[in-house]
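# Summary of structural features
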Amino acid sequence: MKKAILLAGALTVAMAALTACGGTGKAEPETTTQAAAEAATKAETETTAKAEETTEAAEKAAQTVTIAAAASLETCLRDELIPLFEKQNPGFTIEGTYDSSGKLQTQIEEGAGIDVFFSAATKQMDALNDEGMIQDGSVRNLLENKIVFIVPTGDEGNYSSFEDIAKAENVALGDPDSVPVGQYSKEALTNLGLWDEVLAKASLGTNVTEVLNWVAEGSAKAGIVYATDAAQTDKVTIVAEAPEGSVKKAIYPAGIIKDCENPDGAQKFIDFLASSEAMDIFVKNGFAAAE
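The sections below set out a description of the structure shown in this document. (Residues numbered from 1 in each chain as written. Predicted model: local features only at pLDDT ≥ 70, side-chain atom pairs only at ≥ 80, totals over all residues. Heavy atoms only, no water.)

## Details of the environment of Ile-224
Tracing the backbone through its elements, the reader meets Ile-224 in strand 8 (residues 222-226). In sequence terms Ile-224 and Phe-162 are 62 residues apart; their C-alpha atoms lie 9.5 Å from each other. Setting aside chain neighbours within four positions, we find Ile-224 in contact with Ile-147, Val-148, Phe-162, Ile-165, Ala-172, Leu-173, Val-181, Ser-185, Leu-189 and Val-211. (Helix = DSSP H or I, 4+ residues; strand = E, 2+ residues; numbered from the N terminus. Contact = heavy atoms within 4.5 Å.)

Put into structure tokens, the structure is as follows:
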């Protein structure tokens, strides 16, 4: 009897303990399942947030900057400066269009999707600025080039001065109506009293690269280009630079097109072009920093 009473007492204590810990014990797995669900939901939310942040960062990093640059800048930009900028700025892509500054001006006026205009003369930039198509305060005069008289290599012995271009059988010049190098050529030859004589036997190119190629191929016996273009090939030789005072400086300004697609990227690229690192590359290619 005494053992039975003790056993009953022990059973009562055990039942009380079970009740204090959650009764039958079924609540424990329910609590565990709920906690696991909450943890899974939290993890899913965090994963989604991180994915959204990654996507947003990728979209922010992936940027395209479109540039319209003078033909005389193509080799330097395409082969050296643009690859360097893209390497230093992952996610950026620079898309370039190269032609005479006059043609590029017209394309911009007609609504071409351009962020940066890099002209071979201030005339075209000033015209767009006057038309309200350039972002206020964005224009920077970056470079200076030289105007030179060239002939096919091997023919240089027939000439000794810039004025001797008038002796050539035929001449290649940029079209002064739309090509900056042609405008500089006309200015220099006019001031030297040679414009009409040279024009009478001249072929007018649509950009400086075309003028250079005509002389390099020998189809033109003489031509006027930028010093930087002449340095690109050993098929032409520089006879002389335009005499001091005969022509104004060939200044290359860069500016941001108003209401363009990527003004921040455009500014970043222009800042890069003005950097000492980029300027060293320009100088190596025959340009000088604009004063």
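So much for the structure itself; the text now carries on.
## Brief notes about the pattern of salt bridges
A full pass over the atoms with the stated rule returns 8 salt bridges. Because the salt bridges share partners, they merge into one network encompassing Glu-74, Arg-78 and Asp-79. (Salt bridge = Lys/Arg side-chain N within 4 Å of Asp/Glu carboxyl O.)

## Describing the layout of surface pockets
Rolled over the atoms, a probe sized like a water molecule indicates the empty space that remains. Estimates place the volume of the largest pocket at around 210 Å³. Along the walls of the largest pocket sit 13 residues, with Glu-144, Lys-146, Ala-242, Glu-244 and Val-247 positioned nearest its centre. Residues that form the lining of the largest pocket fall into these classes: 5 nonpolar, 2 polar and 6 charged. (1 Å grid on protein atoms, 1.4 Å probe; cavity = no way out; pocket = protein on both sides within 12 Å on 5 of 7 lines; lining within 4 Å. Points joined across faces, edges and corners; volume = space filled by probe spheres on them. Nonpolar A, V, L, I, M, F, W, Y, C, P; charged D, E, K, R; others polar.)

## As for a negative patch on the surface
Together, Glu-109, Glu-110, Asp-126, Asp-130 and Glu-131 make up a negatively charged patch on the protein surface. Mapped onto the secondary structure, Asp-130 falls in helix 5 (residues 122-130). (Patch = residues over 30% accessible without salt bridge, like charges linked within 9 Å, V, L, I, M, F, W, Y side chains within 5 Å. Areas by Shrake-Rupley, 256 points an atom, 1.4 Å probe, with all protein chains shown as cover. Lys, Arg positive; Asp, Glu negative; His and termini not counted. Charge placed at Lys NZ, Arg CZ, Asp CG, Glu CD.)

## Thoughts on helix 10 (residues 263-273)
Among all positions of helix 10, only Gly-265, Ala-266, Phe-269, Ile-270, Phe-272 and Leu-273 are buried. Viewed end-on, helix 10 has its buried residues packed into an arc of 155 degrees, placing them on one side of the element. (Buried < 20%, exposed > 50% of the residue type's maximum accessible area, 1.4 Å probe, protein only. Arc of directions from axis to C-beta.)

## Observations concerning the sheet that holds strand 9 (residues 236-241)
Spatial strand order, 7-6-8-5-9: 5 strands in an open sheet with mixed pairing. With partners counted over all chains shown, the strands left at the sheet margins are strand 7 (202-205) and strand 9, one partner each. Adjacent strand axes in the sheet meet at a mean angle of 35 degrees when their direction is disregarded. As judged from the 4 bridges shared by strand 5 (residues 147-152) and strand 8, these two strands associate in the antiparallel manner. Across the sheet, residue Ile-147 finds its bridge partner in strand 8, namely Tyr-226. Where helix 8 (residues 208-217) meets the sheet, its contacts fall on strand 5, strand 6 (171-174), strand 7, strand 8 and strand 9, and the angle it forms with strand 8 comes to roughly 140 degrees. (Pairing = 2+ DSSP bridges. Axes fitted to C-alpha atoms, helices over the stretch in contact; angles between N-to-C directions.)

That's the geometry; what it means functionally is another story.
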